[in-house]
Amino acid sequence: MNEIAVQTQNLTRRFGKFTAVDRLTITVSRGEIFGFLGANGAGKTTAIRMLCGLLLPSEGEATVAGFDVYKSSEAIKKNIGYMSQRFSLYDDLTISENIDFFGGVYGLSPALIEERKEALIEQVGLGDFRKRLTRDLPLGFKQRLALGSAMLHDPPIIFLDEPTSGVDPRARREFWSIINELAAAGKTVFVTTHFMDEAEYCHRVSIMRAGKLIALDSPGKLKESYGRNNMQDVFVALVNDEDPRPEEQL
Amino acid sequence: MHHLIVDNVAKTYGETRALKGVSLAVEKGELFGLIGPDGAGKTTLLRSICTLLVPDSGSITVAGLDISRDVPAIRAILGYMPQRFSLYQDLSVAQNLRFFADLFQVPKHERPERLARLYHFSRLEPFKSRLAGNLSGGMKQKLALSCALIHTPEILVLDEPTFGVDPVSRQEFWEILHQIRAGGTTIVVSTAYMDEADQCDRIALFFEGEIAAMGSPAAVKGAFPYRVYRLSGTALQDLKTFLEGQPEVRGIQLFGDALHVSFSEKPSPETWREWARRGGFPGLRWEEISPSIEDVFLAHMAGETA
Amino acid sequence: MNPRRVAAISAKEFIHIIRDPRTLLIIFIMPVLLLMMFGYAFNLEIQDVRVAVIDDDNSALSRQLIERFEGSPFFTVFHYQGSREDLETLFLERDARAILSIPENFAATLIGKHPAGIQVIIDATDPNAATSINNYCRQIVTDFNAGLSGGAAMPFTLESNIWYNPEMRSAPFFVPGILALLLIMISALLTSITITREKESGTLEQILVSPIRPGEIIIGKVLPYILIAFLDGSMILILGVTVFKVPFVGSLFLLALLMALFVLTALSLGLILSTIASTQQVAMMLAFVLTLLPTLLLSGFIFPLASMPLPLQLISTIVPAKYFLVIVRGILLKGNTIAELLVQVLWLAGMSVVLLTISWRKFSTNLER
Ligand SMILES: Nc1ncnc2c1ncn2[C@@H]1O[C@H](COP(=O)(O)OP(=O)(O)OP(=O)(O)O)[C@@H](O)[C@H]1O
Ligand SMILES: [Mg+2]
């Protein structure tokens, strides 16, 4: 397997005249937990959607799992898991039905789905609730379940868009312990968050502002080079720096 | 005078007991926070206060009005922002704001100042003419918040207002809440961000439909029975595993690049050095810190204080 | 094409349907409701039908005949004073639903043993009522004649004149119409809503990151609705044949086959709408304006196409229900074979192919439009 999981070169996306992602260049290696930070509207979701084949880039190059985003979006889709920013399970399906569905969509055999479902329900600790409607689950459980559903086909790369927003501190820690396990098992995890303590758990973080990458390093190095004690302060300093973008660009 | 009184309120959905007899009282002009894990019953309580749900038992009075009898009167003085408040996706940012200003009959001469303040916090001014449907997730949330804050009701109820909002905007949002409260509005807010709890006058920690602790943030933290140390400078996972084997340790939690470890008794410097040597953590740094709300919360969840 | 993915989508869709009371209501209550509306509402127990009488004879006999009408609980009789030219306003303003006209010399002719005739004019905008009115009139006249034959007079005849709907279109005509309406509603409306709902809720995004193909999503989504449309179609046919006594002369197999074809056309319409619309509301509006209304108005269901202005007639050539109505009526009432319906079948098949190709091409596997 390729040691480089995701690579982009001047990746750009415009909506009309507005540039949402501006010449993004990053390289993420296998087994890395890569944090994607930035103020609201900085372009994180747009960048992830391009890497997942949901949006076409306006310019630039990108490969995911070695496949080109322009030419091989289908091959990419087989190699990634994705948890969208908006909640992505079906509320009116039970937990078990949701897992069956996502397994089926990835074309897994019923036997394999059954096996992975048991493992997942076990891992999330939902044993007694498998016949419950998903809408009745606390958010923390839902998010772990959504992660599991996005991983049923065992992809090497996983994109998580704000998986812990609105999740309480304990459930967030449980979620992150799963992320750590995944990374330890060699998966590449691409994650966005607005919790700066979670930024510390990433191997490397990138910070975007107004579509541009303005910092990229390990949390330790970032704190050192900006002379701050924690990521919160680093983030605030970076984001508050003059917004380089001119007025309205619509 | 109490502006909001919740007395022994219970609510059950099927088998789930969402609220098991909750009582609290909020002063006029107070900023009151509900802190609790997912599914603890915060939303149920907030909806009941807003007359959207009828509790099975107990009573709630808002400004002296009973939620089961004076629904229109309460709604006239109360502003509510639900957890997933959706805007008109096909209206622009400015049109959404304008619509809510009209809806709440905000006088024309007050609008420019309010809008300026809200645009400052949300940083949405450059995107005024963009359709709400084309905003990013956090931008939508900020617009929703701005719409909820465009008028000033007597009592403001916000359910997880900062969901998905970035740290800088969250700080600015709380400054607005403080300004609003300074004008005499009572605010009840639920949140999953523990740093926001510190911004409230008083908080209630909510667990499984019951209040586990209530008071000013300082009082809640002060009631924490253990001494908390912040440990850093070494491989945290290994340190965690090592300390879990030590009998003195009451609880361990990961906090970003550090561990927070709580003890009944303050360990002596010798003990610390001994641990660093025995566990093989030469770079170990330790310092006693005052517990944060998050420490208290996590300890409650782990059942450490029970 | 991976059958597992198709099955996964269909199974999920079924669960959505089963768990959503509103959809269930549309599926199971709608057919019955529509049939009742068209059937019974038009055929409510008929009483106190107002009859305007024009008695140009004004003889003892004619008054006797009128008394018979007055004596029936079925009719309320009044004398019409206005001019002949304004007769129609009686119907237009719903003052009367039938007009009884007794010519001058009625009694004289009868007594002179010449055959005499009276005339009833019936408003047949409600065909079922018109049939009943006609039958009651005949009944009264027959009774009256029977009373007369003892005497010297010659029995007279009744000439019925049915206005507005001379073919007396009723159950055999509206049942096929309802069938078309319902199949369109389920196929076009529900499919376009189900796809746009996933666009709105963001769940489609989650499906689109999987290697699933557009065809698999489309087929998976559409399968459950084909089944439901069939179920509902059968429900209407069974009710139509048993309760409304619609004759069924032709081949059941052929009808089922062509119903499937029509459902396919309707579904492909729904799919096109869902690729255009980004919200459920828009999808619903489009489905209403582009599929339901034409089915109701431009298919020959309620208004005869032949009497429409040319532009409307032209538009009606692309209304699938137009062909389906001919097919259903042909099979039900006349026992048509496929050879006789070839033109209609080709139209429907052609439309399906075109619409499906467009929607399949337009259904994008990403969020770009
Ligand atoms: N379809 C669209 N049309 C126009 N502008 C868009 C569209 N989608 C996104 N944008 C704009 O692109 C910018 C980046 O959005 P994006 O969703 O990537 O932000 P984000 O970094 O994920 O923010 P958040 O933290 O709030 O989720 C925003 O200004 C947004 O309004
Ligand atoms: Mg985003």
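A count of helical and extended segments in chain A gives 9 helices and 10 strands. Taking 250 residues into account, the globule formula puts the C-alpha radius of gyration at 18 Å, and chain A, at 18 Å, falls close to it. Here the C-alpha coordinates of chain A stretch approximately 55 × 40 × 35 Å along the principal axes. With 250 residues in all, chain A has 60% of them scored as buried. Considering only contacts in chain A between residues 6 or more positions apart, those separated by 24 or more positions represent 67%. Roughly 9,400 Å² of accessible area belongs to chain A as shown, and the carbon and sulfur atoms make up 47% of that amount. On chain A, the mean spot of the 30 positive side-chain charges and the mean spot of the 34 negative ones are 2 Å from each other.

Before going further, it helps to examine the overall build of chain C. For chain C, the count of helices and strands is 14 helices and 5 strands. The contacts in chain C between residues at least 6 apart in sequence include a share of 80% that link residues at least 24 apart. Element-wise, carbon and sulfur atoms account for 66% of the exposed surface of chain C, whose accessible area totals about 16,900 Å².

Attention shifts here to the coordination of the magnesium ion (ligand 2). Residue and element names in this part refer to chain A. Taken together, Thr45 (OG1) and Gln85 (OE1) make up the protein donors of the magnesium ion (ligand 2), found 1.9 to 2.2 Å from the metal. Pair noted here: Thr45 is in helix 1 (residues 44-51) and Gln85 is in the loop between strand 6 (80-83) and helix 3 (95-105), with a separation of 40 residues, a long-range link. Given the relative accessible area of 15%, Thr45 is considered buried.

Take the site of ligand 1 next. Taken together, the neighbourhood of ligand 1 is formed by 20 residues, with Thr45(A), Thr46(A), Arg130(B), Ser136(B) and Gly138(B) sitting nearest. Positioned at a junction of chains, ligand 1 has nearby residues supplied by chains A and B. One of the backbone N or O atoms of Ala42(A) is found 3.2 Å from an oxygen atom in ligand 1. Contact between ligand 1 and Gly43(A): an oxygen atom at 2.9 Å from a main-chain N or O atom of the residue. Notes on ligand 1: free accessible area 640 Å², of which the protein chains cover 90%. Across the shell around ligand 1, the residue classes tally to 6 nonpolar, 11 polar and 3 charged.

Below, the discussion takes up the pattern of salt bridges. Residue and element names in this part refer to chain B. In total, this model carries 47 salt bridges over all chains according to the counting rule given. Linking Arg227 and Glu288 is a salt bridge whose minimum nitrogen-to-oxygen distance equals 2.9 Å. Within this pair, whereas Arg227 is found in strand 11 (residues 227-232), its partner Glu288 is found in strand 14 (residues 285-289), the two being separated by 61 residues in sequence. Take Arg227: its relative accessible area is 34%, and that puts it in the partly exposed class. For Glu288, a relative accessible area of 31% corresponds to the partly exposed category.

Residue and element names in this part refer to chain B. Structurally, the position occupied by Leu53 is in the loop between helix 1 (42-49) and strand 4 (57-62). Through-space distance from the C-alpha of Leu53 to that of Val228 is 41 Å; in sequence the pair is 175 residues apart. Residues within four places of Leu53 in sequence aside, it is in contact with Tyr13, Thr44, Arg47, Ser48 and Ile67.

If you look at the interface, chain A gives 33 residues, while chain C gives 28 residues. Each partner contributes to the roughly 2,700 Å² buried at the junction of chain A and chain C, and carbon and sulfur atoms together form 56% of this total. Counting the surface chain A buries against chain C, the share from its top three residues, Leu54(A), Tyr90(A) and Val105(A), is 22%. At the surface where chain A touches chain C, the tally comes to 3 salt bridges. For Glu97(A), the salt bridge identified is with Arg19(C), shortest N-O distance 2.9 Å. Counting across the chain A and chain C interface gives 12 residue pairs in polar contact (both at pLDDT 80 or more).

Before going further, it helps to spend a moment on the layout of surface pockets. Of the volumes computed, that of the second largest pocket is approximately 860 Å³. Lining of the second largest pocket is provided by 34 residues; of these, Asp197(A), Asn230(A), Gln232(A), Asp195(B) and Glu294(B) occupy positions nearest its centre. Listing elements by their share of the lining of the second largest pocket, those giving two or more residues are helix 7 (196-199) and helix 9 (231-240) of chain A together with helix 6 (167-182), helix 7 (194-197), strand 13 (258-263) and helix 11 (293-301) of chain B. No other element matches the 6 residues that helix 6 of chain B contributes to the lining of the second largest pocket.

Before going further, it helps to spend a moment on the packing of aromatic side chains. One pass over the full model with this rule turns up 28 aromatic pairs over all chains. Considering the side-chain rings of Trp272(B) and Trp275(B), the 5.3 Å spacing of their centres and the 85 degrees angle between planes classify their relative orientation as edge-to-face. Separated by 3 residues within a single helix, Trp272(B) and Trp275(B) lie in helix 10 (residues 269-279), roughly one turn from each other. On the basis of relative accessible area, Trp272(B) is assigned to the buried category, the value being 1%. Under the relative-accessibility criterion, Trp275(B) is labelled buried at 3%. Cluster of aromatic residues (ring-pair linked, three or more members): Tyr229(B), Phe263(B), Trp272(B), Trp275(B) and Trp286(B). The ring of Phe18(A) has Arg130(B) sitting right over it, with the charged end atom 3.9 Å from the ring centre. For Lys12(C), the ring lying beneath its charged end belongs to Phe101(A), and the centroid distance is 5.2 Å.

Once that is clear, we can look at the interface of chain B and chain A. In many analyses, interface size is given as the accessible surface area lost on bringing the parts together. Across the contact, 37 residues belong to chain B and 34 residues belong to chain A. Together, the buried faces of chain B and chain A total about 2,800 Å²; carbon and sulfur atoms form 54% of this surface. For the pair chain B and chain A, the interface holds 3 salt bridges. Residue Arg172(A) is joined to Glu294(B) by a salt bridge in which the shortest nitrogen-to-oxygen separation is 3.7 Å. At the junction of chain B and chain A, the tally comes to 14 residue pairs in polar contact (both at pLDDT 80 or more). Mapped by element, the contributors of at least two residues to the side of chain B that touches chain A are helix 5 (137-148), helix 6, strand 12 (249-255) and helix 11 of chain B.

Moving on, we come to the confidence of the model for chain C. In the predicted model, chain C carries a mean pLDDT of 82, and the fraction of residues at 70 or more is 89%. Across the interface, the model reports ipTM at 0.88; the global pTM reads 0.83.

When the 2 pairs of chains in contact are compared, the highest contact count belongs to chains A and B. At their nearest point, the C-alpha atoms of chain B and chain C are still 10 Å apart, with no contact between the two.

Scoring rules and cut-offs
Residues numbered from 1 in each chain as written. Chains lettered and ligands numbered in written order. Predicted model: local features only at pLDDT ≥ 70, side-chain atom pairs only at ≥ 80, totals over all residues. Heavy atoms only, no water. Helix = DSSP H or I, 4+ residues; strand = E, 2+ residues; numbered from the N terminus. Rg over C-alpha atoms; globule rule 2.2 N^0.38 Å. Buried < 20%, exposed > 50% of the residue type's maximum accessible area, 1.4 Å probe, protein only. Contact = heavy atoms within 4.5 Å. Areas by Shrake-Rupley, 256 points an atom, 1.4 Å probe, with all protein chains shown as cover. Lys, Arg positive; Asp, Glu negative; His and termini not counted. Charge placed at Lys NZ, Arg CZ, Asp CG, Glu CD. Donors = N, O, S within 2.8 Å, 3.2 Å for Na, K, Ca; no water. Near = heavy atom within 4 Å. Polar contact = N/O pair within 3.5 Å; in protein donor to acceptor, adjacent residues only side chain to side chain. Nonpolar A, V, L, I, M, F, W, Y, C, P; charged D, E, K, R; others polar. Salt bridge = Lys/Arg side-chain N within 4 Å of Asp/Glu carboxyl O. Buried area = accessible area lost by both parts, 1.4 Å probe. 1 Å grid on protein atoms, 1.4 Å probe; cavity = no way out; pocket = protein on both sides within 12 Å on 5 of 7 lines; lining within 4 Å. Points joined across faces, edges and corners; volume = space filled by probe spheres on them. Phe/Tyr/Trp six-rings, centres within 6.5 Å; stacked < 30°, edge-to-face > 60°. Lys NZ or Arg CZ within 6 Å of the ring centre and 35° of its normal. pLDDT = per-residue confidence, 0-100.

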